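What follows is the residue order along each chain.
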Amino acid sequence: MLYVPNRPGRHPAITMGHEYGAVKEMALLRLAATFAEAGFVALVHDHRTFGASDGTPRQDIDPWRQIEDWRRAITYLESRPEVDADRIGLWGSSYAGGHAIVLGATDRRLKAVVAQVPTISGFEQSRRRVTPDNIAALDAVLDADERAQLAGEAPRTQALVSADPAVAASYRAQDAVDFYLQELPEGTRWDNSVTVRSTHKARMYEPGVLIDPSPPPHC
């Protein structure tokens, strides 16, 4: 979805991406409208297999495919007559904040990058979410899903959020439950589910390796 300022000329542009398993109606449309009022062209998209975007299997999260798609969104903005192609920025939150780090480090067309509460290390993030006594059980679930796919089964799914400890879910914190289960506009396409293999890919996603840890030079 493209938001264009109500004024003539070419404008700086921002392409925006959302959290793990979210869709644009959960927060980004309001933010994009605000940016447009401030004079920016704002482009918001759903990641593939989510929301209004196509792709199968549905509710499947592959960070590198999402980054590849987002790079094409930058190219699309360059082609728009309303956009100053020399002033394109990117805004990503949470999981997409990690994508923002990757794209900021690898796509020189971007003139500004905002990574809000970004994923820095998928491995460390997974360790914080899973208690040590549950790691073996999680590994067994992931391994069983891999073997089932080899046998020709579709990728297995689980809930994205649930406060019920008896329900397998990616997130259990109450703030996550409240965010993902918020009331959405009629017609929004979103399901409270995600493929199990998305968790496997998230555990191997390390955007932080692209950040230079050295302190800035003294002036």
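Parameters at a glance
Residues numbered from 1 in each chain as written. Predicted model: local features only at pLDDT ≥ 70, side-chain atom pairs only at ≥ 80, totals over all residues. Heavy atoms only, no water. Helix = DSSP H or I, 4+ residues; strand = E, 2+ residues; numbered from the N terminus. Expected span 1.5 Å × (residues − 1). Buried < 20%, exposed > 50% of the residue type's maximum accessible area, 1.4 Å probe, protein only. Arc of directions from axis to C-beta. Polar contact = N/O pair within 3.5 Å; in protein donor to acceptor, adjacent residues only side chain to side chain. Pairing = 2+ DSSP bridges. Phe/Tyr/Trp six-rings, centres within 6.5 Å; stacked < 30°, edge-to-face > 60°. Core = buried A, V, L, I, M, F, W, Y, C linked by side-chain atoms within 4.5 Å. Contact = heavy atoms within 4.5 Å. Salt bridge = Lys/Arg side-chain N within 4 Å of Asp/Glu carboxyl O.

K.L.:
Give me helix α2 (residues 63-79): which residues, what numbers.
P.N.:
Along an α-helix, residues three or four positions apart point the same way, because every turn accommodates 3.6 residues. Spanning 17 residues, α2 covers 25 Å between terminal C-alpha atoms, matching the ideal 24 Å at 1.5 Å per step. Taken residue by residue, α2 has P63, Q66, I67, D69, W70, A73, I74 and L77 as its buried positions. Mapping the buried residues of α2 onto a view down its axis gives an arc of 165°, with all of them on the same face. Where α2 begins, one side-chain oxygen reaches toward the backbone nitrogen of W64, 3.0 Å away; that side chain belongs to D62.

K.L.:
So what's going on with the sheet that holds strand β6 (residues 157-161)? Residues and values would help.
P.N.:
Ordered by their spatial adjacency, three strands build an open sheet running β7-β6-β8, and the pairing between neighbours is mixed. Edge positions in the sheet fall to β7 (169-171) and β8 (194-195), since each of these pairs with one other strand and no more. In this structure, β6 lies alongside β8, joined through two bridges in antiparallel fashion. Within β8, the position partnered with Q158 by the bridge is V194.

K.L.:
Could you give an account of the packing of aromatic side chains, with specific residues and numbers?
P.N.:
Per the counting criterion, the structure on display carries eight aromatic pairs. Taken together, a centroid distance of 5.5 Å and an interplanar angle of 90° make the contact between W64 and Y205 edge-to-face. Placement of the pair is W64 in helix α2 and Y205 in the segment after α7 (196-203), with a sequence separation of 141 residues. On the basis of relative accessible area, Y205 is assigned to the buried category, the value being 0%. Ring centres of Y95 and Y205 lie 5.3 Å apart, and the angle between their planes is 65°; this geometry places the pair in the edge-to-face category. Here Y95, found in helix α3 (residues 95-106), pairs with Y205, found in the segment after α7; they are 110 residues apart in sequence, far enough to count as distant. Just as Y95 is buried, Y205 falls in that class too.

K.L.:
Tell me what's going on with the nonpolar core, and back it up with residues and numbers.
P.N.:
Of all hydrophobic cores here, the largest spans 33 residues; its most connected members are Y20, L160 and Y180. Non-local contacts of Y180, meaning those with residues more than four positions away in its chain, are made with E19, Y20, G21, A22, M26, L160, V161, Y171 and W190. The next biggest cluster of nonpolar side chains, apart from the first, holds ten residues, and it includes Y3, A32, A36 and A42.

K.L.:
Account for the pattern of salt bridges, with residues named and values stated.
P.N.:
Note that side chains of opposite charge can pair when their charged atoms are close. Summed over all chains, the structure comprises 16 salt bridges. Across the pair R127 and E124 runs a salt bridge, and its minimum N-O distance is 3.4 Å. Residue R127 and its partner E124 are both found in helix α4 (residues 122-129); the two are separated by three residues, about one turn of the helix. Judged by relative accessible area, E124 falls into the partly exposed class, the value being 33%.

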